[in-house]
Amino acid sequence: MNATIEKLFDTYGTSVLENTDDFPNQAIKDILYSLPIGDDARLDLLDQIDHAYLEWSTNAFAAGLHLGLTLLSEGVR
């Protein structure tokens with residue numbers, strides 16, 4: 001990922017995502033706590049899910065930013 005876009009996401013995108021209720025964090029925790037697994041495995045799964053969400057969000061932010069900047073360009077018709 002472009003360093004500028006990554007910096008924008010780290011400073012803006014993360015703060016926006018933290019303030020949204022789109023990610024069903026409590027529902028995921030409820031499902032994980034209903035599984036017959038140990039606490040270490042449960043925490044590992046939750047970390048992996050959070051990481052996947054962050055990766056997806058970073059890619060979605062970068063794609064949206066790129067699209068927005070492209071559409072604002074005078075060269076686009």
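Right above here is the structure, for reference.
Note that the coordinates shown come from a computational prediction; the quantities given were computed from them, not determined experimentally.

Calculation rules
- By convention here, each chain's residues receive numbers from 1 onward along its written sequence.
- Residue-level local features of this predicted model are given only where pLDDT is at least 70; pairs of side-chain atoms are given and counted only at 80 or more, and the full residue set underlies all totals for whole chains, interfaces and linings.
- Only hydrogens and water are set aside when side-chain values are computed; all heavy atoms of the structure are taken into account.
- Numbered from the N terminus, helices here are DSSP runs of H or I no shorter than four residues, and strands are runs of E no shorter than two.
- Only protein chains enter the accessibility calculation, which uses a 1.4 Å probe; a residue whose area is less than 20% of its type maximum is buried, one above 50% is exposed, and one in between is partly exposed.
- Contact between two residues is taken to exist if any of their heavy atoms lie within 4.5 Å; hydrogens are not considered.
- Every patch collects residues that have over 30% relative accessible area and no salt bridge, joining them within 9 Å if they carry like charges and within 5 Å if they are nonpolar side chains (Val, Leu, Ile, Met, Phe, Trp, Tyr).
- Per-residue and other accessible areas follow the Shrake-Rupley method at a 1.4 Å probe size, with only the shown protein chains counted as cover for residues.
- By convention in these notes, a salt bridge is any Lys or Arg side-chain nitrogen within 4 Å of a carboxyl oxygen on Asp or Glu.
- Only four residue types enter the charge count: Lys and Arg as positive, Asp and Glu as negative, with His and the chain ends excluded.
- Every charge is mapped onto a representative atom, which is NZ of Lys, CZ of Arg, CG of Asp or CD of Glu.

## Thoughts on the overall build of the protein
Okay, step 1: In terms of helices and strands, the protein carries three helices and zero strands.
Okay, step 2: Traced from its N-terminal end to its C-terminal end, the protein shows the element sequence α-α-α.
Okay, step 3: Looking at the protein residue by residue over its 77 residues, the buried ones come to 14%.
Okay, step 4: Contacts in the protein between residues far apart in sequence, at least 24 positions, make up 59% of those at least 6 positions apart.

## Some details on a nonpolar patch on the surface
Okay, step 1: Where nonpolar side chains cluster on the molecular surface, the patch consists of I31, L35 and L45 and spans about 240 Å² of accessible area.
Okay, step 2: With respect to the element layout, L45 can be found in helix α3 (residues 39–72).

## Concerning a negative patch on the surface
Okay, step 1: Taken together, D40, D44, D47 and D50 make up a surface patch of like negative charges.
Okay, step 2: Tracing the backbone shows D47 in helix α3.
Okay, step 3: Its relative accessible area of 44% is what places D47 among the partly exposed residues.

## What about the environment of R42?
Okay, step 1: Tracing the sequence through the fold places R42 in helix α3.
Okay, step 2: A relative accessible area of 9% means that R42 is categorised as buried.
Okay, step 3: Taking the C-alpha atoms as reference, R42 lies 8.7 Å from K29; in sequence the two are 13 residues apart.
Okay, step 4: Not counting residues up to four positions away in its chain, the partners in contact with R42 are L32, Y33, L35 and I37.

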